[in-house]
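This is what each chain is made of:
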Amino acid sequence: MWKDSDLTNHPDQPSRLTVMDHHGQARPRCFLMLAFILLTFLLVRGPIAWRQSGGQDEEWYAIPGLMVARGGVPRVPYARATEEGSVFLGAERMLFAMPPASFYAQAPFFLAMPVTYGTARMASLLAGCVAILTVFLLGRELFADDRVGIWAAGIYSLTRLLFFPATFARPDMICGMFGLLAVWGVARWTNSRSLRWVSLAGVCLGLAGLSHPFALVFAMQLYPWVLIVSRGVKERISAFAVLSLTTAVTFALWSPLIIAAPDLFRLQFLNNILAPAGPGLLSRLLMPWDSFVHHLPMLVDRTHPIQFAMLLGGWIALGVMIWRRRKKAWSSPDSANSDMKLPMVDNELTCWLLAGSSVYLLIACQGEHPIQGYWCYSAGLLCLCLAAVIVWGIETLARGHATTDNTGSASRHRLATCLTALLIILAMLPGSGVRSIVAHLRHADDVNYQNAAFVKSILDDLPDNATLTVGIEFALEAYGLREAAGRPDDVVLGIRHPLYFDSTQIPTDYTILGRLGLAEQLDIAFDGELVGVYGDSEDQFSCYAEVYRIP
């Protein structure tokens, strides 16, 4: 696979597997390509994130950012939970069902932009861009090759595992971004031995924990990594201590809110996070088969079978390449020579282990709890594995014929690069949201394709003093409009879920239901009079609502 000449000695690491170290000569071009990837990602994903209706859990995780912007405390003012078993009991006073980092990340956008789901999603979209950049930096750090970073960043920007969390107002993307940044911090420390990078990793790990408890997966990877690659007892103790201290201090930033309302914290956080995951973390780590059977079909569906096969195939191929390289080094007659000895764990093997173990740990730790968009972390690492295989493959094709004709070799290299990029783009198209993009382009000026304008058109037809129960697709926009009119308490979230609350038991004048509420038959439960239909029910990309007067 890789040739012996590809074993390049570096002062910070005895021997590193590289395809080719392009730091320096290719850096400007790589940065231009990275800028193109980021700009394309924003142009493709940004407009849809800005315009589309609210999705799953956004009714809970978008409005706390607005409340932080208004008063510094995350809460859900249109919640009306009263049952002791509710995940959101007391959420109208303070929200603890999820750690608050993502809400504070949303707040600056609400200070400058309108009260819409699109505004709340800007924090996730920005986190997606930072995650793409971090994947590029990891490619440079772990593989010492800008090309691996560029390929990985480009592929990552196209994956569904990034697409979903980066375009929804949930904590997924922000948590995954901090996880990747923490990995980069430890990778930088591994190569430079400067503890400031361990400090950075600890801060990012703490911020990831302040986004979602899924950060436990990052900790279970980074702490062993630091201990294994440390040189001597003194460095091992200092690096472990710095990582632990910075993580703990950062995570402790949540303490003032918890101290202010410990009962709410206990009720909401335990019900939302710990209870669904269930007991037996150790047993799931040792015997995760049931968890794998539960989660793998959902992972394949979320990824799309073609993309799943690509990422899994890249991970397996890189593992084989690393094994063959190490086997060749061990069996070489010169293996006794210190220049040919390989470290027990090098950076490329570390990346491979991180990618594989992230899937295993995420599934085992989460139990029966839905993972949703937190696969964005694993996806970044898997894209690095696939990118390393692609770069090696292109080099192999370009050098396929022994020749001194550099022009011919360069031509073959460009051709192989273009064909590979085309194949990857074609493979990524199914499930990439192309139909949604086309629909929104065709209806750029249509109110039915702009959630904020759509909700305003509905509220303009209703009495100004009416109390409203609003479905999750439109709740934040409705609250923003009524807040601007000085009547925010007129809006109640339209929902009926045993873990949340039943809004059909709360008096109201009108209910505005979208597709999700109608699918749950809230219209039947409210038993109201249909007074208005908005949007096109046959077009899945159009907003759609039914308005009922409640007697």
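Note that the coordinates shown come from a computational prediction; the quantities given were computed from them, not determined experimentally.

What counts and how
Residues numbered from 1 in each chain as written. Predicted model: local features only at pLDDT ≥ 70, side-chain atom pairs only at ≥ 80, totals over all residues. Heavy atoms only, no water. Helix = DSSP H or I, 4+ residues; strand = E, 2+ residues; numbered from the N terminus. Buried < 20%, exposed > 50% of the residue type's maximum accessible area, 1.4 Å probe, protein only. Areas by Shrake-Rupley, 256 points an atom, 1.4 Å probe, with all protein chains shown as cover. Pairing = 2+ DSSP bridges. Axes fitted to C-alpha atoms, helices over the stretch in contact; angles between N-to-C directions. Expected span 1.5 Å × (residues − 1). Contact = heavy atoms within 4.5 Å. pLDDT = per-residue confidence, 0-100. Core = buried A, V, L, I, M, F, W, Y, C linked by side-chain atoms within 4.5 Å. Left-handed = near helix turned anticlockwise from the far one by under 90°. Nonpolar A, V, L, I, M, F, W, Y, C, P; charged D, E, K, R; others polar.

S.K.: Explain the overall build of the protein chain residue by residue, including any values.
M.R.: Along the protein chain, the regular secondary structure elements total 24 helices and seven strands. For the protein chain, with 551 residues in total, the buried portion stands at 55%. Split by element, the accessible area of the protein chain, about 23,400 Å² in all, is 64% carbon and sulfur.

S.K.: Tell me about the sheet that holds strand β6 (residues 529-535), and please be specific about residues and values.
M.R.: Within the open sheet, the five strands sit side by side as β4-β3-β5-β7-β6. Their pairing is mixed. The sheet is open, and its two borders are formed by β4 (491-494) and β6, each paired with just one other strand. Strand after strand, the sheet turns through a mean of 20° between neighbouring axes, direction not considered. Taken together, the four bridges between strand β3 (residues 468-471) and β4 define a ladder with parallel strand orientation. Along β4, the bridge assignment pairs T469 with V492.

S.K.: I'd like a rundown of helix α11 (residues 232-251), residues and numbers included.
M.R.: Here α11 spans 29 Å end to end across 20 residues, near enough to the 28 Å set by a 1.5 Å rise per residue. Of the surrounding secondary structure, the elements contacted by the buried residues of α11 are α8 (172-192), α9 (195-209) and α10 (215-229).

S.K.: Break down the confidence of the model for the protein chain for me, with residues and values.
M.R.: With 88% of its residues at a pLDDT of 70 or more, the protein chain has an overall mean of 88. Contacts from residues 1-25, a stretch scored under 50 in pLDDT, to residues over four places away or in other chains number 78 contacts.

S.K.: Explain the nonpolar core residue by residue, including any values.
M.R.: Counting 160 residues, the largest nonpolar core has W60, Y156 and F501 as its most contacted members. Sorting elements by how many residues they give to this core places helix α18 (residues 375-398) first, with 16 residues. Contact partners of F501, with chain neighbours within four places excluded, come to W60, Y78, A79, R80, A81, V492, L493, I495, R496 and I506. In terms of nonpolar packing, the next biggest core, distinct from the first, is built from seven residues, L518, L522, Y544 and Y548 among them.

S.K.: Tell me about the packing of α10 against helix α17 (residues 347-366), residues and numbers included.
M.R.: Helix-helix packing: each pair is described by the crossing angle between the helix axes and the interaxial distance. It is at 9 Å that the axes of α10 and α17 come closest, and there the two elements cross at 140°. Seen along the crossing, α10 lies across α17 with a hand that is right-handed. Side by side, α10 and α17 meet where L216, V217, M220, Q221 and W225 of the first sit next to T350, L354, S357, S358, L361, L362 and C365 of the second. Here the residues of the contact of α10 with α17 are counted per class, giving eight nonpolar, four polar and no charged.

S.K.: Tell me about the environment of L384, residues and numbers included.
M.R.: By the element assignment, L384 lies in helix α18. Through-space distance from the C-alpha of L384 to that of W352 is 8.7 Å; in sequence the pair is 32 residues apart. In this structure, L384 is in contact with V135, L138, G139, F143, V148, A152 and C351, ignoring residues within four places of it in sequence.

S.K.: How would you explain unusual backbone geometry if you had to name every residue and give the values?
M.R.: The residue D57 is not glycine, and still its phi comes out positive at about 70°. Among the structural elements, D57 can be located in the loop between α1 (27-51) and α2 (58-61). Residues other than glycine seldom take positive phi values, yet Q521 does so here, at roughly 60°. Examined against the element boundaries, Q521 turns out to sit in the loop between α23 (515-519) and α24 (522-526).

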